Amino acid sequence: MLLIKSIEVYAPEYLGRKDIFTAGGKICRMADNLEVPEYLGAEVIDGTGLIATPGFIDNHVHVLGGGGEGGFGMRTPEVTLSDLTPYGVTTVVGLLGTDGIARDMASLIAKTKSLKEQGISAYCMTGSYQIPVRTLTGDVIKDIMMIDEIIGVGEIAISDHRSSQPSFREFAQVAADARVGGMLSGKAGVVDVHLGTGRKRMELIERVVNETEIPVTQFLPTHVNRGKKLFEKALAFAQVGGTIDFTGNENNDYDKEYKSKVVPAKGIRRMIDEGISDELFTISSDGQGSMPRFDADGNVIGMSMGKSSCLIKEIRDCVFKADIPLEIAIKGITSNPARILCLSNKGRLKEGKDADLCIMTKDLNIDTVIAMGKIMVRHGEMLVKGLFE
Ligand code: ZN
């Protein structure tokens, strides 16, 4: 049990100063001046001068490591708790990437279960970059229906030289299966779509939305900010109700004029200025994903790796540089991903929801992180570590 006293609550909407009482992994009460009998032995956290938000949801992490473009020596490592909780992440969605052979669904599900046993909430997607997708049971619908951890399909790569160059028919079939699997199991059945730098941009998604009965809400296109022309397409997609996922990066420089990429804070500012709903964006890290840099001929010329630490960095840029209120910016890593992924107990500070909280200073430095009611990080120090960390 925890009693957090006198903390400014962003639920994500701003609720003012509240006390929060958690027990059994849930937020039980959130009110003014809560008194909890001493015999209950609740641990008390003084929230004076601090703010509380929902724990962060990183909706796109290659938890097994990803990539390997450039050779086996370029394979990136698996995620550990120390890559997540110190940066506020209490819920992670894992997926395979370019390599769906040497990393497979059985390992992905095992890794997802492992993160859950270590105290955070974890889910995963079935499938990989390529169509036909890799699955555990041989069937997308069966994977989503029968395996607790699986909530959708992805990331399916389109407009990328590493994709399987799927046809419209193949791509629509995967989306249709994801939709039915989601409906039959009460899950999102969302299709996470990796967008490359190819000239067709979001064309396959647009065609499925225009030519089939599959709704725009079935898709979560990611890396929408990797190119300026691609971002214009993403804005049009959001204009008709689609949710778009920005890929954050710790090295993004808000003040720099990039030739191609759009930094998330500027992109989100643009959405708001165009009157697009602030429910329709998410930010993810592409954590542990290799980020190969290619020359004009497609040769790998360098490599870096995504990290969940970028989430709070992008939120700081939104708030302190792009003048976006915290209660809007923070939606991108809390209530918005919770909605599109149908994680009904996540993404909000509200009585009855899971006790996942991030406690920060006013300048948005993370102090304390609570996952399912357990203190994972206190004053920046990990109290709960993975077994081999
Ligand atoms: Zn990707």
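Residues numbered from 1 in each chain as written. Predicted model: local features only at pLDDT ≥ 70, side-chain atom pairs only at ≥ 80, totals over all residues. Heavy atoms only, no water.

## Description of the coordination of the zinc ion
Our working rule: Excluding water, the donors of a metal are its N, O and S neighbours within 2.8 Å, or within 3.2 Å for Na, K and Ca, and that exclusion means sites may look incomplete. Runs of E in the DSSP output that reach at least two residues are strands. Runs of H or I that reach at least four are helices, and both are numbered from the N terminus. Summary of the burial criterion: residues with accessible area below 20% of their type's maximum are buried, those above 50% are exposed, and those between are partly exposed, where the area comes from a 1.4 Å probe applied to protein chains only.
Distances from the zinc ion to its protein donors, Glu-155 (OE), His-194 (ND1) and His-223 (NE2), fall at 2.0 to 2.3 Å. In terms of primary sequence, the donors binding the zinc ion are separated according to E-x38-H-x28-H. Of the two residues, Glu-155 is situated in strand β9 (residues 150-158) and His-194 in strand β10 (residues 190-195); the sequence distance between them amounts to 39 residues. As far as burial versus exposure is concerned, Glu-155 and His-194 are alike and both buried.

## So, the pattern of salt bridges
The cut-off we apply is this: Salt bridge, as used here, is a side-chain nitrogen of Lys or Arg placed within 4 Å of a carboxyl oxygen of Asp or Glu.
Per the stated rule, a full pass over the model turns up 24 salt bridges. Residues Lys-321 and Asp-255 are paired through a salt bridge, measuring 3.3 Å at the closest nitrogen-oxygen approach. With Lys-321 in helix α7 (residues 310-321) and Asp-255 in the loop between β12 (244-247) and α6 (264-273), the pair connects residues that are 66 residues apart, well separated along the chain. A relative accessible area of 58% places Asp-255 in the exposed class. For the salt bridge of Arg-269 with Asp-273, the shortest nitrogen-to-oxygen distance reads 3.1 Å. Here Arg-269 and its partner Asp-273 are both found in helix α6, four residues apart, which amounts to about one turn of the helix. On the basis of relative accessibility, which here comes to 55%, the residue Asp-273 falls in the exposed class.

## Concerning the packing of aromatic side chains
Put simply, the test is: Only Phe, Tyr and Trp rings are paired, with Trp represented by its six-membered ring, and only when their centres lie within 6.5 Å; those with planes under 30 degrees apart are stacked, over 60 edge-to-face, the remainder tilted. The rule for a charge over a ring is simple: NZ of Lys or CZ of Arg within 6 Å of the ring centre, and within 35 degrees of the ring normal.
Within this structure, the stated rule accounts for three aromatic pairs. Centre to centre, the rings of Tyr-10 and Tyr-14 are 4.9 Å apart; their planes meet at 45°, and the pair counts as tilted. Summarising the aromatic geometry, the rings of Phe-171 and Phe-219 are spaced 5.9 Å apart at their centres and angled 15° between planes, so their arrangement reads as stacked. You can see Phe-171 sitting in helix α3 (residues 168-185) and its partner Phe-219 sitting in strand β11 (residues 219-222), a full 48 residues away along the chain. As far as the burial class goes, Phe-171 and Phe-219 line up, both buried. The ring of Tyr-254 has Lys-266 sitting right over it, with the charged end atom 5.0 Å from the ring centre.

## A word on the side chain of Ser-308
Rules: Two N or O atoms form a polar contact when they lie within 3.5 Å of each other; inside protein one atom must be a possible hydrogen donor and the other a possible acceptor, and for residues adjacent in sequence the pair counts only when both atoms belong to side chains.
For Ser-308, the position within the fold is in the loop between β15 (300-305) and α7. On the basis of relative accessibility, which here comes to 4%, the residue Ser-308 falls in the buried class. There is a polar contact of 2.7 Å between the side chain of Ser-308 and the side chain of Asp-58.

## Looking at the nonpolar core
Note the following rule: Only buried residues count toward a nonpolar core, which is a set of Ala, Val, Leu, Ile, Met, Phe, Trp, Tyr and Cys residues joined through side-chain atoms within 4.5 Å. By definition in these notes, contact holds between two residues if any of their heavy atoms fall within 4.5 Å.
If you look at the biggest cluster of nonpolar residues, it comprises 87 residues, and the most contacted ones within it are Phe-56, Phe-171, Phe-219 and Ile-315. Those residues in contact with Ile-315 that sit more than four places away from it in its chain are Ile-283, Leu-326, Ala-329, Ile-330, Ile-333 and Leu-364.

## Let's talk about the domain arrangement of the chain
What counts here: Source of the domain bounds: an automatic or database domain assignment. By definition, the buried area sums, over both parts, the 1.4 Å-probe accessible area that each loses when the two are put together. Under the convention adopted here, Pro, Cys and the residues Ala, Val, Leu, Ile, Met, Phe, Trp and Tyr are nonpolar, Asp, Glu, Lys and Arg are charged, and Gly plus all remaining residues are polar.
One can read the domain layout of the chain as domain 1 (2-53 + 345-382) and domain 2 (55-340). The gap between the C-alpha centroids of domain 1 and domain 2 is 28 Å. Listed as interface residues are 25 residues of domain 1 and, on the opposing side, 28 residues of domain 2. In this assembly, domain 1 packs against domain 2 so that about 1,900 Å² is buried in total across both faces, 72% of it on carbon and sulfur atoms. In terms of surface lost to domain 2, no three residues of domain 1 exceed Lys-346, Leu-364 and Met-382, which account for 27% of the buried area on that side. At the boundary of domain 1 and domain 2, one finds zero salt bridges. The interface formed by domain 1 and domain 2 includes five residue pairs in polar contact (both at pLDDT 80 or more). Residue assignment for the side of domain 1 that touches domain 2 shows that the elements contributing at least two residues are β5 (51-54), β16 (357-360), β17 (366-371) and β18 (374-378). Among the elements that line the side of domain 1 that touches domain 2, the one with the most residues is β17, at four residues. Looking at the side of domain 1 that touches domain 2 residue by residue, the classes come out as 16 nonpolar, three polar and six charged.

## Some remarks on the pairing of strand β2 (residues 14-23)
Heads up, the rule is: Note on pairing: two strands pair once DSSP finds at least 2 bridges between them.
Here strand β1 (residues 2-10) runs beside β2; their pairing, made up of seven bridges, is antiparallel. Paired with Val-9 across the strands is Gly-16, a residue of β2. Following β1, the chain reverses through three residues before pairing antiparallel with β2. What sits between β2 and strand β3 (residues 26-31) in their antiparallel hairpin is a turn of two residues, with Gly-24 showing a positive phi close to 60°.

## Observations concerning unusual backbone geometry
Of note, the bond from Ala-11 into Pro-12 is cis; its omega dihedral lies within 30 degrees of zero at 25°. In this structure, Pro-132 follows Ile-131 across a cis peptide bond, with omega equal to 0°. Counting through the fold element by element, Pro-132 comes out in the loop between β8 (121-126) and α2 (140-146). At Asn-33, a position not held by glycine, the phi torsion is positive, near 45°. With respect to the helices and strands, Asn-33 occurs in the loop between β3 and β4 (43-46).

## Description of the packing of α3 against helix α4 (residues 203-211)
Threshold: To obtain each axis, a line is fitted to C-alpha atoms, and for helices this fit is confined to the stretch in contact; angles are then taken between N-to-C directions over 0 to 180 degrees. Any angle that is under 35 degrees is reported as roughly parallel, and any over 145 degrees as roughly antiparallel; angles of 65 to 115 degrees are reported as roughly perpendicular and all others as oblique. Note on convention: near helix rotated counterclockwise from far helix by under a right angle means a left-handed crossing. Clockwise means right-handed.
At a closest axis distance of 10 Å, the pairing of α3 and α4 adopts a crossing angle of 70°. Taken together, the axis directions place α3 and α4 in an arrangement best described as roughly perpendicular. Along this stretch, α3 crosses α4, giving a crossing that reads as right-handed. Touching Phe-168, Phe-171 and Ala-172 of α3 are Leu-204, Ile-205, Arg-207, Val-208 and Glu-211, all from α4. Here the residues of the contact of α3 with α4 sort into six nonpolar, no polar and two charged.

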